[in-house]
Amino acid sequence: MSGHGGVLALFRAHGPLTRAQVVELSGLSRATATHRLEGLVRSGLIHAREDDRTTGGRPAGVFDLAETRGALLVADIGSSHARYGIADLTGRVLTALDEDIAIDDGPDVVLAGVARAFEQLEAEATSPVLGVAIGVPGPVDQRTGRLVSPPTMRGWDGADVAARLGPLVNAPIVVDKDANLVALGVHRALRTDAVPGADDLLVVKVGMGIGAGIISRGSVLHGARGGAGDLGHIPHDDGPRCRCGQRGCAEASAGAWAIAARLRELGHPVRTSADVVALATNGDRDATSALRAAGRRIGDVVVEAVGVLNPAMVVVGGDLAESGDLLVDGVRERVFERSHPLATTDLSVIASPLGADAGLLGAAQMAADAALAPERVDALVDA
């Protein structure tokens with residue numbers, strides 16, 4: 001907490017602060033806190049509030065994060081769709097672009113699209129890019145930054161996304177599983193709203209595939225090689241063959257790719273998760289029945305995770321969750337029907353409050369964490 005970066009972290013966590021509040025929260029002496037604030041103001045990372053500016057001398061007494069001091073490039077890459085955006089330092093997404101993709105086209109094709117989008121967004125930015133975060137639909141080993149045997153991403157094993165895109169930007173690049181980005185975005189939103197239990201979440205992302213992000217004591221859990229939260233590929237019975245090669249995975253019956261395949265057999269021209277949701281929203285019985293059944297099947301694996309993790313909340317997000325209660329009610333039904341009473345005491349099962357923007361918002365938070373890491377802030381101030 002002694003450096004400039006530690007003081008800046010207080011503004012990210014608490015919002016606008018007076019000099020006295022910085023002293024209280026940091027434990028620094030008033031003289032040292034004032035010195036840190038002056039350095040942060042001088043570097044443009046914080047500013048005096050408009051109604052508290054002085055005409056000269058030391059900075060005014062109320063400060064806030066200067067959200068326009070830098071920009072963040074973010075990407076949420078799914079199996080069939082990608083969203084790209086640029087955000088300010090608070091994590092607010094300012095501009096977003098959408099693109100239909102096929103993840104099985106491989107890293108060369110998909111990352112070329114990311115590069116084009118980032119070049120377009122950076123050209124529109126009014127401040128330098130300080131951080132980048134990218135979500136991908138597969139596990140990422142946080143020790144190496146490489147994808148690890150993603151079961152549904154042909155040609156991506158060992159891909160180093162940050163290294164491929166590094167020459168485009170002079171900023172740290174963070175790459176993580178898409179469900180972890182969603183979990184981080186939901187966590188920060190709930191924490192900002194002071195929702196009880198926000199630090200212990202199981203966030204289930206249901207789109208073409210099924211995954212989960214785990215927040216424990218306020219931090220994302222990755223596991224040994226980035227595979228924590230892979231609920232979609234827990235075999236349950238000798239059911240349909242999954243695209244990963246196993247039988248009985250939840251994804252093989254409740255993932256959007258599997259639901260879309262069954263609906264096509266019934267004569268519906270659907271391909272993506274958005275197509276499935278649109279069909280259900282229009283009241284089609286086949287689609288609504290499929291989503292209710294999917295919710296219950298997802299609930300079966302969520303029950304196992306709830307028993308192991310004992311979260312305070314289960315949050316259901318992703319494209320299929322845009323169907324509303326059709327999916328979430330099925331998950332909730334199974335969890336409270338089959339979980340041990342200890343695990344469900346005070347447990348909430350809710351739809352994501354962030355909707356389709358959860359991935360980008362989580363990526364923005366992850367990029368801000370990298371851009372404003374204490375050691376980088378200290379370097380910016382020193383420069």
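Residues numbered from 1 in each chain as written. Predicted model: local features only at pLDDT ≥ 70, side-chain atom pairs only at ≥ 80, totals over all residues. Heavy atoms only, no water.

**Focus: the pattern of salt bridges**
We count it as follows: What makes a salt bridge here is a side-chain nitrogen of Lys or Arg within 4 Å of a carboxyl oxygen of Asp or Glu, nothing more. Helix and strand assignments follow DSSP, with helices taken as H or I runs no shorter than four residues and strands as E runs no shorter than two, numbered in order from the N terminus. Exposure is judged per residue with a 1.4 Å probe applied to protein chains only, and the accessible area is read against the type maximum: over 50% gives exposed, under 20% gives buried, and values in between give partly exposed.
A complete count under the given rule lists 19 salt bridges for this structure. The salt bridge partner of Asp98 is Arg83, with a shortest N-O separation of 2.8 Å. Of this pair, Asp98 sits in strand β6 (residues 93-100) while Arg83 sits in strand β5 (residues 81-87), and the two are 15 residues apart along the sequence. Residue Arg83 is classed as buried on the basis of its relative accessible area of 17%. A salt bridge links Asp178 to Lys205, with the shortest nitrogen-to-oxygen separation between them at 3.4 Å. With Asp178 in helix α6 (residues 178-192) and Lys205 in strand β11 (residues 200-206), this pair connects stretches of sequence that are 27 residues apart. As far as the burial class goes, Asp178 and Lys205 line up, both buried. The structure contains a network of salt bridges with shared partners spanning Asp300, Glu333, Arg334, Glu337 and Arg338.

**Quick notes on helix α4 (residues 107-124)**
Our working rule: A helix is expected to span 1.5 Å multiplied by its residue count minus one. Contacts between residues were defined by any pair of non-hydrogen atoms, one from each residue, lying within 4.5 Å.
End to end, α4 covers 25 Å across 18 residues, agreeing with the expected 26 Å (1.5 Å per residue, within 8%). Among all positions of α4, only Pro107, Val110, Leu111, Gly113, Val114, Ala115, Ala117, Phe118 and Leu121 are buried. Summarising the contacts, the buried residues of α4 are in contact with β4 (71-77), β5, β6, β7 (129-136) and α5 (161-165).

**Here we look at unusual backbone geometry**
One non-glycine residue, Ala194, lies in positive phi territory at about 55 degrees. Considering the arrangement of structural elements, one finds Ala194 in the loop between α6 and β11. Its relative accessible area of 63% is what places Ala194 among the exposed residues. Of note in the backbone geometry, Arg217 takes a positive phi value of approximately 55 degrees without being a glycine.

**Digging into the sheet that holds β4**
What links the strands of a sheet is backbone hydrogen bonding, and the strands pair in either a parallel or an antiparallel sense. How we decide: In short, DSSP must find at least two bridges between two strands for them to pair. Each axis is a line fitted through C-alpha atoms, taken for helices only over the stretch in contact, and angles between the N-to-C directions span 0 to 180 degrees.
One open sheet accounts for five strands, arranged β6-β5-β4-β7-β10; its pairing is mixed. A strand with exactly one partner marks an edge of an open sheet, and here the two such strands are β6 and β10 (173-177). Within the sheet, the average angular offset between the axes of one strand and its neighbour, ignoring direction, is 15 degrees. Taken together, the six bridges between β4 and β7 define a ladder with parallel strand orientation. Paired with Leu72 across the strands is Gly131, a residue of β7. Against the sheet, helix α13 (residues 358-371) engages β4, β5, β6, β7 and β10, with an angle of about 135 degrees to β4.

**Brief notes about the environment of Val277**
Of note, Val277 is situated in helix α9 (residues 273-281). Separated by 42 residues in sequence, Val277 and Asp319 place their C-alpha atoms 7.8 Å apart. Discounting residues that sit within four places of it in the chain, Val277 has contacts with Asp319, Leu320, Glu322 and Ser323.

**Regarding the sheet that holds strand β14 (residues 313-317)**
The sheet built from five strands is open, its strands ordered β13-β12-β11-β14-β15 with mixed pairing. Every other strand in the sheet has two partners, leaving β13 (219-220) and β15 (348-351) as the edge strands with one partner each. Relative to β13, strand β12 (residues 210-216) runs antiparallel, the two sharing two bridges. When the sheet's bridge partners are listed, Ser216 is paired in β13 with Ser219. The sheet contacts of α6 involve β11, β12, β13 and β14, and relative to β12 the element is tilted by about 45 degrees. Strands in contact with helix α11 (residues 325-338) are β11, β14 and β15; relative to β15, the strand with the most contacts, it is inclined by about 170 degrees.

**As for the pairing of β10**
The buried count for β10 comes to five of five residues, which makes it a mostly enclosed element. Alignment of β7 against β10, held across five bridges, turns out to be parallel. Looking at the pairing, Ala133 lines up with Val174 of β10.

**Let's talk about the side chain of Ser339**
For clarity, the cut-off: For the purposes of these results, a polar contact is taken to be a pair of N or O atoms within 3.5 Å, where, inside protein, one atom must be able to donate a hydrogen and its partner to accept one; residues adjacent in sequence count only when each atom of the pair is a side-chain atom.
Residue placement: Ser339 occurs in the loop between α11 and α12 (341-344). Here Val335 takes part through its backbone oxygen, which lies 2.8 Å from a polar atom of the side chain of Ser339. Among residues more than four places away in sequence, those in contact with Ser339 are Val303, Val306, Arg334 and Thr344.

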